[in-house]
Amino acid sequence: MPSLYDTSRGWESDLPGTQIPLPHSGAVAVFREGGRNNGTFTVLDVTSGKISWKTEVKSPGIVSAFSVTVQGEDYLVASASGFQGADVVSKGRQVTTIDIFPARASGDGVKPAHHLELDGEGAVTDGGGGLLVKLDNDVVMTVDPATGATKTYDLRKMKPPASECKLCFASTEAVAVTPRGPLLATNTRPRGHYWVPGAWSGGTLTTNSEHKIFITPVKDSLVAQWRDEGAPNDTWAVLDPATGKVRAKVECAPDRGVTADDSEGASLSADGRYLVRSHTAFDLDKGAGHCFEETDQDKPVHLNGVTDDGVAFGIGASTADQADPRVTIDLATGQVQLGNYVVAPFGDYSGYGLFWDDSTNTMVAYPHDK
C-alpha cells in the first residue's frame, strides 16, 4: 500500500460483489447480482466497515448498478431492461426500470426514492450531472436523481449552432448531462463540435477555424482538449458544465491520440478540488494543471486516483528492471516519485483509503497515517 496509509489499523470485508464508492456520504456500497432479475445493495460506513443499510432490487432483466453525484449528494442507481408480463403465450411488454436510492439511508429493505418504468429498451448511464438514458439511436432522456424528473430529447432536431458548424452533416449524440441540459456532440473523432442547446458551445474556447475540440465527463466536471490555430501545443482544461467556462487549464505537448478510452482511472477528489485524467492533473482552486504525457524528453505517467490532499497515484513507463512502476505525485509541486506500493486505492475520502485485494477477494480500508 502507499506509505501515506496506516496498515496497522482499519477494517476489511469479504462481501462478494462490485464496490461502489460514495465519497460524499462517507460510505461504500457493495452490489451483488443475485440472478437474472435481482440484486442486493449493502452500504458500509467507510470509517468502521459497519453496515448502514441494505436492500434488494428486483427488475425485469439483468441489473446494472452504479452511483451518481449531483450537487454534493450521492445516489445509488439500479437499472435493467426486459419483458414484463411474459408467459407461455405472450411475449410481454419490453420496459426499462430505474431505481434511485439516496446514499444516506439506514436500516434493512430501504425503498427507492424514485422508481421509473420506461417503455422499450434503454441504456442507463452516469451522465455526470444526472442520469443519461439512451432510448434509441435518436432519442435520449435525462433524469434528475434528486427529484426523479425526466426530460426527453429528439437528437434529430438538435443540430449544432450555426456559428459552430456551417456545413455539418454528422449525426448528433449525447455525451453528458449538465445543469443546463444534455451536452451534445457530432459523432466525429477524435475532435468534433460540442454544445449545450441554448447555453454554450465548445467552439468559443478555441481559435481553430473549424471550432473542433474534445470534451469528456469526469464525474460532474468536464475535461476538454483542443489545439489553437498555429499553436505548437495542445490545451487541456476543466470546464464548468453550466457555462462552458474554463476552471483550470494547462498547455501540453501534442498528445499521441485523444480517445474516450483514456478515461480509465479518471478521478475527482472527494472535496472537488483535484481532478486527474489520463496524463493530466488539475488543481481547480488554483486554476492550474500539470501534464505527464510522453514527450521527446519525458516518459508518460497515467494517473488513476487522487486524494483531497493533492496526492495523485499513477503508473509510469516500464523499464528493464520494473514493469508498470507505481508512482505518487505531489500536485502542489508536480514532483513525481517512485512509489513503494503495488495497489492504489479505488477510493479515498473521510480519512480512509479503500483497496481491493485480488488474492483474497477482500475489500480493505486503511486510515491515513497521521
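Shown above is the structure to which this text applies.
Bear in mind that the values here come from a model prediction, so they are computed numbers and not experimental data.

Chemist: Looking at this structure, I do not really get unusual backbone geometry. What am I missing?
Modeler: Peptide bonds are, in most cases, trans, and in most cases residues other than glycine have a negative phi. Positive phi, close to 55 degrees, is recorded for Ser350, a residue that is not glycine. The backbone phi angle of Asn361 is positive, close to 50 degrees, even though this residue is not glycine. You can see Asn361 is positioned in the loop between strand 32 (352-357) and strand 33 (362-367). Given the relative accessible area of 48%, Asn361 is considered partly exposed.

Chemist: What is the right way to read the sheet that holds strand 7 (residues 73-84) from this model?
Modeler: The strands that make up a sheet pair up through hydrogen bonds in the backbone, lying either parallel or antiparallel. Spatial strand order, 6-7-8-10: four strands in an open sheet with antiparallel pairing. Only two strands of the sheet have a single neighbouring strand rather than two, namely strand 6 (64-70) and strand 10 (114-119). Across this sheet, the average inter-strand angle for adjacent strands is 25 degrees, counted without regard to direction. Bridge count between strand 7 and strand 8 (residues 93-102): ten bridges; the pairing is antiparallel. Bridging from a neighbouring strand, Ser81 pairs with Thr96 of strand 8.

Chemist: I keep staring at the state of the cysteines and nothing clicks. Help me out?
Modeler: Covalently bonding the sulfur atom of one cysteine to the sulfur atom of another cysteine gives a disulfide. Within the structure shown, the criterion is met by one disulfide. Note that Cys252 is cross-linked by a disulfide to Cys291, the S-S spacing being 1.6 Å. Across the S-S bond linking Cys252 and Cys291, the dihedral sits near -50 degrees, which makes this disulfide left-handed. In this pair, Cys252 sits in strand 22 (residues 246-252) while Cys291 sits in strand 26 (residues 288-291), placing the two residues 39 residues apart along the sequence. In this structure Cys252 comes out as buried when scored by relative accessible area, which is 1%. Look at Cys291 and you get partly exposed, because its relative accessible area is 22%.

Chemist: Is there a simple way to explain the side chain of Asp74 in this structure?
Modeler: Topologically, Asp74 is positioned in strand 7. Within the structure, the side chain of Asp74 is placed 2.9 Å from the side chain of Ser25, a separation counted as a polar contact. There is a polar contact of 2.7 Å between the side chain of Asp74 and the side chain of Thr69. With sequence-adjacent residues up to four places away left out, Asp74 is seen in contact with Leu22, Pro23, His24, Ser25, Val68, Thr69, Phe101, Pro102 and Ala103.

Chemist: For this particular structure, what's the right way to read the pairing of strand 11 (residues 123-126)?
Modeler: Regular strands place their side chains on alternate faces of the sheet. Pairing of strand 11 with strand 12 (residues 131-134) involves four bridges; the strand directions are antiparallel. Bridge assignment links Thr125 to a residue of strand 12, and that residue is Leu132. Taking the residues that link successive antiparallel strands as the turn, the strand 11-strand 12 hairpin has four residues, and the phi of Gly128 there is positive, at about 95 degrees.

Chemist: How should the sheet that holds strand 25 (residues 280-283) be read in this particular structure?
Modeler: An order of 23-24-25-26 is seen for the four strands of this open sheet, with the pairing classed as antiparallel. Each of the sheet's edge strands pairs with one partner strand only, and the pair in question is strand 23 (267-268) and strand 26.

Chemist: Could you clarify how one ought to interpret the environment of Thr206 in this entry?
Modeler: When you line up the elements, Thr206 lands in the loop between strand 18 (200-201) and strand 19 (214-218). The exposure class assigned to Thr206 is buried, which follows from its relative accessible area of 8%. Separated by 29 residues in sequence, Thr206 and Thr235 place their C-alpha atoms 9.2 Å apart. Leave out the neighbours within four places in its chain, and Thr206 touches His211, Lys212, Ile213, Trp226, Arg227 and Asp228.

Rules used in this analysis
Residues numbered from 1 in each chain as written. Predicted model: local features only at pLDDT ≥ 70, side-chain atom pairs only at ≥ 80, totals over all residues. Heavy atoms only, no water. Helix = DSSP H or I, 4+ residues; strand = E, 2+ residues; numbered from the N terminus. Buried < 20%, exposed > 50% of the residue type's maximum accessible area, 1.4 Å probe, protein only. Pairing = 2+ DSSP bridges. Axes fitted to C-alpha atoms, helices over the stretch in contact; angles between N-to-C directions. Disulfide = S-S within 2.5 Å. Polar contact = N/O pair within 3.5 Å; in protein donor to acceptor, adjacent residues only side chain to side chain. Contact = heavy atoms within 4.5 Å.

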